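The chain contents come next:
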Amino acid sequence: MSLIEITEVKKRFGNNEVLKGINIDVAPGEVIAVIGKSGSGKSTLLRCINGLETIDEGSISVAGAQLLPDELHLKALRLKVGMIFQGFNLFPHLTAGRNVMLSQMVVKKTPKAEAEAMARRQLERVGLAHKFDAYPDQLSGGQQQRVAIARALAMQPIALLCDEITSALDPELVSEVLAVVKELAGEGMTLMMVTHEMRFARDVCSRVVFMHQGRVHEIGPPEEVFASPKTPELQQFLGVTH
Amino acid sequence: MSEFTTWDIVRNLLLAARWTILLSIVSFIGGGLVGAALLFARIGKRRLGQIFVKTYVELFQGTPLLMQLFLAFFGLGLFGIDVPAWLAAGLALILWSAAFLTEIWRGCVEAIARGQWEASSSLGMGYIQQMRHVILPQALRIAVPPTVGFSVQVVKGTALTSIIGFVELSKAGTVVTNATFEPFKVYGLVALIYFCLCWPLSKSSQILERKLNVAHRNH
């Protein structure tokens with residue numbers, strides 16, 4: 001039984017078809033890395049799963065919640081699948097703790113004390129319990145991204161989408177964010193991540209999806225995809241010369 | 001012929017300045033309320049509301065305030081409604097302020113990065129929740145300096161209402177000049193009073209801007 005079912009998904013921006021029939025099934029607990037050149041449609045695919053983009057054809061469902069373009073269905077979907085962005089997107093007018101508390105209180109109507117306890121737990125989990133009262137602009141990029149992860153986790157999603165979450169970070173901050181993601185993967189969280197961190201994809205992911213020109217070009221376990229890429233496009237992308 | 005002391009002139013001008021202040025406050029607050037209502041129609045999802053507000057703003061920004069005052073004063077008269085000058089002045093200034101404030105505030109809402117909408121969406125928030133908890137608190141902060149700055153325009157705008165016969169500071173200046181035959185002295189004093197009203201507003205707008213910016217950089 002798959003957790004995320006992506007079936008024949010097509011997406012157009014005007015005349016430009018960026019997704020040309022995508023089929024991916026993700027099982028619970030799987031960690032999927034989506035790789036590919038920029039413009040291959042990998043970010044768009046991730047954004048579709050969270051309903052940030054509408055789809056033109058096909059269907060997407062996460063644990064039974066269908067992607068449909070009305071607020072009620074979108075909310076149901078987004079409660080099941082959280083998203084983390086390249087640019088962190090923390091709410092700058094709220095402290096780290098408040099950032100993690102807000103959606104629990106507003107969307108789930110969790111009482112404040114409970115939401116605060118949850119926020120402290122989640123910040124602890126990403127190693128930032130001591131930053132509860134810090135504002136986002138007092139935190140480093142890596143810390144901000146970890147708060148963003150805690151914020152998504154506080155909604156208790158069953159899957160997490162990560163859209164190039166380390167691409168905006170200074171090199172020395174990348175590892176602290178990846179360590180958190182690795183831990184989540186270890187705990188059995190279902191993850192789907194667009195990433196350029198090939199080593200991380202190889203070490204942590206259960207499957208790798210290589211996208212090329214709006215299609216899933218190759219898919220398989222990392223040892224297979226990285227060690228023996230079948231198509232010339234993937235060989236070129238990985239910089240392997242045969 | 002009776003003689004007027006400077007104090008007589010100043011006293012009369014200050015008495016009239018009360019009406020300038022009152023009209024400014026009414027226009028600014030009324031314009032703010034109407035402007036807020038228009039803002040929600042403008043940034044809302046209904047197409048009709050957007051077009052209505054857009055047209056409204058273009059009309060009021062594209063015609064002189066003086067014409068708007070004339071139309072409010074004489075236009076309503078055409079329908080047999082006897083409009084007192086204070087009502088026409090208040091009405092025109094409220095509608096005029098609303099047009100500008102809506103536009104200022106729309107800019108502030110649109111200045112909030114798209115990522116804020118996306119992040120709050122992905123957390124399951126609906127449109128109204130996003131507005132209330134994420135977008136408006138940030139937009140409000142950047143809206144304060146330009147809004148206070150615009151209040152200066154409102155104060156100066158009230159001067160035009162003298163033409164339809166509303167007795168405020170400028171009109172009082174004309175009346176006093178007609179009695180004293182000292183236009184330079186009288187209008188100089190009028191200008192000075194306007195300056196005393198406007199300068200603190202401009203200054204506080206600047207101070208607020210600096211303060212809120214600093215707050216944003218490092219709370």
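Residues numbered from 1 in each chain as written. Chains lettered and ligands numbered in written order. Predicted model: local features only at pLDDT ≥ 70, side-chain atom pairs only at ≥ 80, totals over all residues.

On to the overall build of chain A, then. Scanning chain A for helices and strands turns up 9 helices and 10 strands. Over its C-alpha atoms, taken along the principal directions, chain A stretches across nearly 55 × 40 × 35 Å. The burial tally for chain A puts 50% of its 242 residues in the buried class. Considering only intrachain contacts with a sequence separation of at least 6, the fraction spanning at least 24 residues in chain A is 62%. (Helix = DSSP H or I, 4+ residues; strand = E, 2+ residues; numbered from the N terminus. Buried ≥ 20, exposed ≤ 12 C-beta atoms within 10 Å, placed from the backbone. Contact = placed C-beta atoms within 7 Å.)

All names here are of chain B. Viewed as axis vectors pointing N to C, helix α1 (residues 6-43) and helix α6 (residues 127-157) meet at an angle of 130 degrees, and their least axial separation amounts to 9 Å. One finds that α1 runs oblique with respect to α6. For the element pair α1 and α6, the recorded crossing hand is right-handed. Listed contacts from α6 to Ser24, Ser27 and Phe28 of α1 are Ser151, Val154 and Val155. Partitioning the contact of α1 with α6 into residue classes produces 3 nonpolar, 3 polar and no charged. (Axes fitted to C-alpha atoms, helices over the stretch in contact; angles between N-to-C directions. Parallel < 35°, antiparallel > 145°, perpendicular 65-115°, else oblique. Left-handed = near helix turned anticlockwise from the far one by under 90°. Nonpolar A, V, L, I, M, F, W, Y, C, P; charged D, E, K, R; others polar.)

A word on the UniProt feature "domain: ABC transmembrane type-1" (unreviewed entry) in chain B. Cross-referencing UniProt, the feature "domain: ABC transmembrane type-1" (unreviewed entry) maps to residues 17-205 of chain B in the present numbering. Along residues 17-205 of chain B one finds 83% helix and 0% strand; the C-alpha atoms at either end are 22 Å apart. (UniProt positions renumbered as here; feature names shortened; annotations may be inferred.)

Here we take up the UniProt feature "domain: ABC transporter" (unreviewed entry) in chain A. Per the UniProt record, the feature "domain: ABC transporter" (unreviewed entry) sits at residues 4-238 of chain A. For residues 4-238 of chain A, the end-to-end C-alpha separation is 27 Å, with 40% helix and 26% strand making up the annotated structure.

All names here are of chain A. Between the first and last C-alpha of helix α6 (residues 171-186) there are 23 Å, a value that for 16 residues agrees with the 22 Å anticipated at 1.5 Å per step. When we look at burial in α6, the residues that qualify are Val177, Leu178, Val180, Val181, Leu184 and Ala185. For α6, the angular spread of the buried residues around the axis is 155 degrees, confining them to a single face. The exposed set on the far side of α6, more than 90 degrees from its buried face, consists of Glu172 and Gly186. Next to the buried residues of α6 lie β3 (31-36), α5 (141-153), β7 (159-163), β8 (190-194) and α7 (198-204). (Expected span 1.5 Å × (residues − 1). Arc of directions from axis to C-beta.)

This part is about unusual backbone geometry. Residues and elements named next belong to chain A. Positive phi values are uncommon outside glycine, yet Glu8 reaches one of about 50 degrees. You can call Glu8 partly exposed: it has 13 C-beta atoms within 10 Å. Positioned with a positive phi, Phe88 is a non-glycine residue whose angle comes to about 65 degrees. In this structure, Phe88 sits in the loop between β6 (81-84) and α3 (96-107). Since 24 C-beta atoms lie within 10 Å of it, Phe88 is described here as buried.

With that out of the way, let us pick up the sheet that holds β3(A). Residue and element names in this part refer to chain A. Reading across from one edge, β6-β7-β8-β3-β9-β10 is the order of the 6 strands in this open sheet, with mixed pairing throughout. The open sheet has two free edges, formed respectively by β6 and β10 (215-220), since each of these has just one partner strand. Here the average twist between neighbouring strands, direction ignored, is 20 degrees. The sheet contact formed by β3 and β8 spans 4 bridges and is parallel. Pairing of Val34 across the sheet is with Val194, part of β8. Sitting on the sheet, α5 touches β6 and β7, and the angle it makes with β6 is about 170 degrees. (Pairing = 2+ DSSP bridges.)

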